[in-house]
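What follows is the residue order along each chain.
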Amino acid sequence: MTDVRSTTRRVVANIGLSLEGYYRRPGDEGIPYLADAEVGYEQIVRTIETATTAVLGRVNAEVFMDWWPSVIGTGMVDPRDEAFARWLVAADRVVLSSTLTTSPWKGVRIANAPTVEVINDLKSEGGGDILICWSASVIKALLAANAVDRLNLIVAPVLGGNGDRLFDDDNPLTNWELAHYDASGPGVLALTYDRKT
């Protein structure tokens, strides 16, 4: 198997977290970004400028593939949300699933293979960055394999409780450098880290 870092195509993981690294609380769909999502909007606009492929887990895909295309042209969402929706519809889209055999969404490839193997194949195809769209299970598998090149994190000033954490204790030791950051008035942080090679 070829090392996923052997080409110039980057694997970019994008997700929102609490201060202690939870991406989801019990009974909650995600960590709230408070009322101010401005830094998140700007981060995703920067990300889709270089990405040409979207990779999602099946559960996330069920939400993304139904909701995002539906906002195009409605005038009901922030223009940056619409830009992401248009990008997602136009991007090469791959859904990782062990249960789907055919795609219920037009133009979406289903991949029933280990996550790192799928990413290796995508990297060998060439193109722009590969964006892992808020799919924690995919991101966690790639972090465990040291196969993420860039981390885009939206960190909300929320502490306490329990839930599902992004970073596992047994992940390999990796070094990262801050490539970009921004902060909102209420304290939401947009952080971009590149893995040091």
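Please refer to the structure higher up on the page.
Residues numbered from 1 in each chain as written. Predicted model: local features only at pLDDT ≥ 70, side-chain atom pairs only at ≥ 80, totals over all residues. Heavy atoms only, no water.

A look at the overall build of the protein chain
In step 1: Secondary structure assignment for the protein chain yields 5 helices and 10 strands.
In step 2: The globule rule puts the C-alpha radius of gyration for 197 residues at 16 Å, and the 16 Å found for the protein chain is close to it.
In step 3: Along the longest, intermediate and shortest principal axes, the C-alpha atoms of the protein chain span 45 × 45 × 30 Å.
In step 4: In the protein chain, the share of contacts with a sequence separation of at least 24, taken over all contacts with a separation of at least 6, comes to 73%. (Helix = DSSP H or I, 4+ residues; strand = E, 2+ residues; numbered from the N terminus. Rg over C-alpha atoms; globule rule 2.2 N^0.38 Å. Contact = heavy atoms within 4.5 Å.)

Some remarks on the sheet that holds strand β4 (residues 92-96)
In step 1: Spatially, 8 strands are ordered β5-β4-β3-β6-β1-β7-β10-β9 in an open sheet, and the strand pairing comes out mixed. Only two strands of the sheet have a single partner each, and these edge strands are β5 (108-111) and β9 (176-183). Across this sheet, the average inter-strand angle for adjacent strands is 25°, counted without regard to direction.
In step 2: Each of β1 (11-18), β3 (51-57), β6 (129-133), β7 (150-156), β9 and β10 (189-195) touches helix α1 (residues 38-48); the most contacted strand, β7, lies at about 170° to it.
In step 3: Contacts from helix α4 (residues 115-125) reach β1, β3, β4, β5 and β6, with the element oriented near 165° to β4. (Pairing = 2+ DSSP bridges. Axes fitted to C-alpha atoms, helices over the stretch in contact; angles between N-to-C directions.)

Regarding the packing of helix α2 (residues 58-70) against helix α3 (residues 79-90)
In step 1: Between α2 and α3, whose axes approach to 8 Å, the crossing angle comes to 120°. For the element pair α2 / α3, the angle class is oblique. Taken as a pair, α2 and α3 cross one another with a handedness that is left-handed. For the pair α2 and α3, contact is made by Phe 64, Trp 68 and Pro 69 and by Asp 81, Phe 84, Ala 85, Leu 88 and Val 89, respectively.
In step 2: Partitioned by chemical class, the residues of the contact of α2 with α3 number 7 nonpolar, no polar and 1 charged. (Parallel < 35°, antiparallel > 145°, perpendicular 65-115°, else oblique. Left-handed = near helix turned anticlockwise from the far one by under 90°. Nonpolar A, V, L, I, M, F, W, Y, C, P; charged D, E, K, R; others polar.)

Re the pairing of β1
In step 1: Burial within β1 is extensive, with 8 of its 8 residues counted as buried.
In step 2: The alternating pattern of β1 places Val 11, Ala 13, Ile 15 and Leu 17 on one face and Val 12, Asn 14, Gly 16 and Ser 18 on the opposite face, and all of these are buried.
In step 3: In terms of strand pairing, β1 meets β6 through 4 bridges, oriented parallel. Following the sheet pairing, Asn 14 is matched in β6 by Cys 133. (Buried < 20%, exposed > 50% of the residue type's maximum accessible area, 1.4 Å probe, protein only.)

Observations concerning the packing of aromatic side chains
Each aromatic ring pair is characterised by the separation of its centres together with the angle its planes make.
In step 1: For the coordinates displayed, the defined rule picks out 7 aromatic pairs.
In step 2: Ring geometry for Phe 64 and Trp 68: centres 6.3 Å apart, planes at 55°, overall tilted. One end of the pair, Phe 64, and the other, Trp 68, are both in helix α2, 4 residues apart, so they sit about a helical turn from each other.
In step 3: For Phe 64, a relative accessible area of 9% puts it in the buried group.
In step 4: When its relative accessible area of 12% is taken as the criterion, Trp 68 is described as buried.
In step 5: Linked through ring pairs, Phe 64, Trp 67, Trp 68, Phe 84, Trp 87 and Trp 134 together constitute an aromatic cluster.
In step 6: The aromatic ring of Tyr 22 is capped on one face by Arg 165, whose charged end is 5.9 Å from the ring centroid. (Phe/Tyr/Trp six-rings, centres within 6.5 Å; stacked < 30°, edge-to-face > 60°. Lys NZ or Arg CZ within 6 Å of the ring centre and 35° of its normal.)

Describing the nonpolar core
In step 1: Of all hydrophobic cores here, the largest spans 26 residues; its most connected members are Ile 15, Val 55, Ile 119, Ile 132 and Leu 142.
In step 2: For this core, the secondary structure elements donating two or more residues are β1, β4, α4, β6, α5 (136-144) and β7.
In step 3: In terms of residue count, the dominant contributor to this core is α5 (5 residues).
In step 4: The residues touching Leu 142, leaving out its near neighbours within four places in the chain, are Val 11, Thr 115, Val 116, Ile 119, Ile 132, Ala 147 and Val 148.
In step 5: Residues Leu 56, Val 71, Ala 91 and Val 108 belong to the second largest nonpolar core, which totals 21 residues. (Core = buried A, V, L, I, M, F, W, Y, C linked by side-chain atoms within 4.5 Å.)

Focus: the environment of Arg 25
In step 1: Within the secondary structure, Arg 25 sits in the loop between β2 (22-24) and α1.
In step 2: With 145 residues separating them along the chain, Arg 25 and Asp 170 place their C-alpha atoms 21 Å apart.

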